[in-house]
Amino acid sequence: MQQCRKCRLNVDGDKDRCPLCQGELTGTPEPEMYPKITESRFGSDFLLKLIAFISISAAAICVGTDYIISGGITWSLICIGGIICAWLTTSVGITYRRRILKNITWELILITSLSVIWDRFTGWRGWSVDFVLPCASICAVISIFIIAKVLKMKSGEYMLYLIIGGFYGFLPLICLIAGLTRITYPTVICTCLSVMLMAALFLFRGKTTKDEFERRFHL
């Protein structure tokens, strides 16, 4: 152990100077009790800035190319819309990459919302509510369930996301009732799965589901 003769104290670890008086230490250094944590060169902030830079650069290239070829801005607007969508989904994925269930839930909401917007502004062919909304809901619920079981999560860690996915699966039914859906079988499958999921949660995990609601929403 190292000692500081001036302060008359022992200093743990391997220090160059006394932490109090900055004087020289004597004695034998010991290994540090806590390992040094090295910061990652590519953290979330850097990756988000990199994605933003790539998106802005791609948008500028598309606009410039469009103007050179056609003398105006026509098809580049569609490219910019696609770039914005890719930036949003990628940014969410990076932000919540360590919280995978929350990542899946936010991606579900974002992808389905962007699909409806794209469908609306490209002539409304209904593909967003016919296929994307029910299929994305089914995939999200199944993914959450499988990941929770594989990672052996406790009920409280994934119950909220299953509940959100279950309720979200009823949105295709609302679209069907409103007359927005033309191809019905994806909606029917999604609705049946949501009913089964919610029934299983409240019948077999009723207390856990109730406690989760009270904890999350302070009921």
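Given the structure is predicted, the values throughout are model-derived calculations rather than measurements.

Draft legend 1. Main features of helix H2 (residues 76–95). For H2, which comprises 20 residues, the first-to-last C-alpha distance of 28 Å matches the rise-based estimate of 28 Å (1.5 Å per residue) to within 8%. The complete set of buried residues in H2 reads Ser76, Ile83, Cys85, Ser91, Val92, Gly93 and Ile94.

Draft legend 2. Broad picture of the environment of glycine 13. Secondary-structure assignment places glycine 13 in the loop between strand E2 (9–11) and strand E3 (26–27). Given a relative accessible area of 4%, glycine 13 falls into the buried group. Linking glycine 13 and leucine 171, residues 158 residues apart in sequence, is a C-alpha distance of 60 Å.

Draft legend 3. Representation of the packing of helix H5 (residues 155–168) against helix H7 (residues 185–204). At a minimum axis distance of 9 Å, the contact between H5 and H7 shows a crossing angle of 145 degrees. Here the hand of the crossing between H5 and H7 comes out left-handed. Taking contact as the criterion, the partners of Met159, Leu162, Ile163, Gly166 and Phe167 in H5 are, on H7, Ser194, Leu197, Met198 and Leu201. The residue makeup of the contact of H5 with H7, split by class, is seven nonpolar, two polar and no charged.

Draft legend 4. How the structure looks around a nonpolar patch on the surface. A cluster of nonpolar side chains, contributed by Ile100, Ile142, Phe145, Ile146, Val150 and Leu151, occupies part of the molecular surface with about 560 Å² of accessible area. When residues of the nonpolar patch are assigned to their parent elements, the largest contribution, four residues, is made by helix H4 (residues 127–150). Its location among the elements puts isoleucine 142 in helix H4. Judged by its relative accessible area of 42%, isoleucine 142 is partly exposed.

Draft legend 5. Main features of the nonpolar core. Counting residues in hydrophobic clusters, the biggest one holds 20 residues, and the most contacted among them are Leu101, Ile144, Leu162 and Leu201. Put simply, the parts of the chain that give this core at least two residues each are helix H3 (100–121), H4, H5 and H7. It is H4 that provides the largest number of residues to this core, a total of seven residues. Residue contacts for leucine 201: discarding those within four places in its chain leaves Met159, Leu162, Ile163, Gly206 and Thr209.

Draft legend 6. Molecular detail of the packing of H4 against H5. Axis separation between H4 and H5 bottoms out at 9 Å; the angle between their running directions is 160 degrees. Judged by the inter-axis angle, H4 sits roughly antiparallel to H5. In the crossing of H4 with H5, the sense of the turn from one axis to the other is left-handed. Here Leu133, Ser137, Val141, Ile144, Phe145, Ala148 and Lys149 of H4 lie close against H5, whose contacting residues are Tyr158, Tyr161, Leu162, Gly165, Gly166 and Tyr168. Considered class by class, the residues forming the contact of H4 with H5 number nine nonpolar, three polar and one charged.

Draft legend 7. Region of the structure containing the side chain of asparagine 103. As for its position among the elements, asparagine 103 is in helix H3. Engagement of the side chain of asparagine 103 in a polar contact is seen with the backbone oxygen of tyrosine 96, the distance being 3.4 Å. Those residues within four positions of asparagine 103 in sequence are excluded, and the remaining contacts are Val92, Gly93, Tyr96 and Arg97.

Draft legend 8. Quick peek at helix H1 (residues 44–70). For H1, spanning 27 residues, the distance from its first C-alpha to its last is 38 Å, which sits close to the expected 39 Å at 1.5 Å a residue. Buried within H1 we find Ile51, Ser55, Ala59, Cys62 and Asp66. Contacts from the buried residues of H1 go to H2. Residue glycine 71 follows H1 closely and has a positive phi angle near 75 degrees.

Draft legend 9. Quick look at the packing of aromatic side chains. Within the structure shown, the criterion is met by zero aromatic pairs. Above the ring of phenylalanine 121, the side-chain terminus of arginine 120 is found at 5.6 Å from the ring centroid.

Draft legend 10. Quick peek at unusual backbone geometry. Even without glycine at this site, tryptophan 124 takes up a positive phi of about 50 degrees. Tracing the backbone shows tryptophan 124 in the loop between H3 and H4. A positive phi is found at lysine 152, a non-glycine position, where the angle reads about 55 degrees. Using a relative accessible area of 74% as the deciding quantity, one classes lysine 152 as exposed.

Conventions used here
- Residues numbered from 1 in each chain as written.
- Predicted model: local features only at pLDDT ≥ 70, side-chain atom pairs only at ≥ 80, totals over all residues.
- Heavy atoms only, no water.
- Helix = DSSP H or I, 4+ residues; strand = E, 2+ residues; numbered from the N terminus.
- Expected span 1.5 Å × (residues − 1).
- Buried < 20%, exposed > 50% of the residue type's maximum accessible area, 1.4 Å probe, protein only.
- Axes fitted to C-alpha atoms, helices over the stretch in contact; angles between N-to-C directions.
- Left-handed = near helix turned anticlockwise from the far one by under 90°.
- Contact = heavy atoms within 4.5 Å.
- Nonpolar A, V, L, I, M, F, W, Y, C, P; charged D, E, K, R; others polar.
- Patch = residues over 30% accessible without salt bridge, like charges linked within 9 Å, V, L, I, M, F, W, Y side chains within 5 Å.
- Areas by Shrake-Rupley, 256 points an atom, 1.4 Å probe, with all protein chains shown as cover.
- Salt bridge = Lys/Arg side-chain N within 4 Å of Asp/Glu carboxyl O.
- Core = buried A, V, L, I, M, F, W, Y, C linked by side-chain atoms within 4.5 Å.
- Parallel < 35°, antiparallel > 145°, perpendicular 65-115°, else oblique.
- Polar contact = N/O pair within 3.5 Å; in protein donor to acceptor, adjacent residues only side chain to side chain.
- Phe/Tyr/Trp six-rings, centres within 6.5 Å; stacked < 30°, edge-to-face > 60°.
- Lys NZ or Arg CZ within 6 Å of the ring centre and 35° of its normal.

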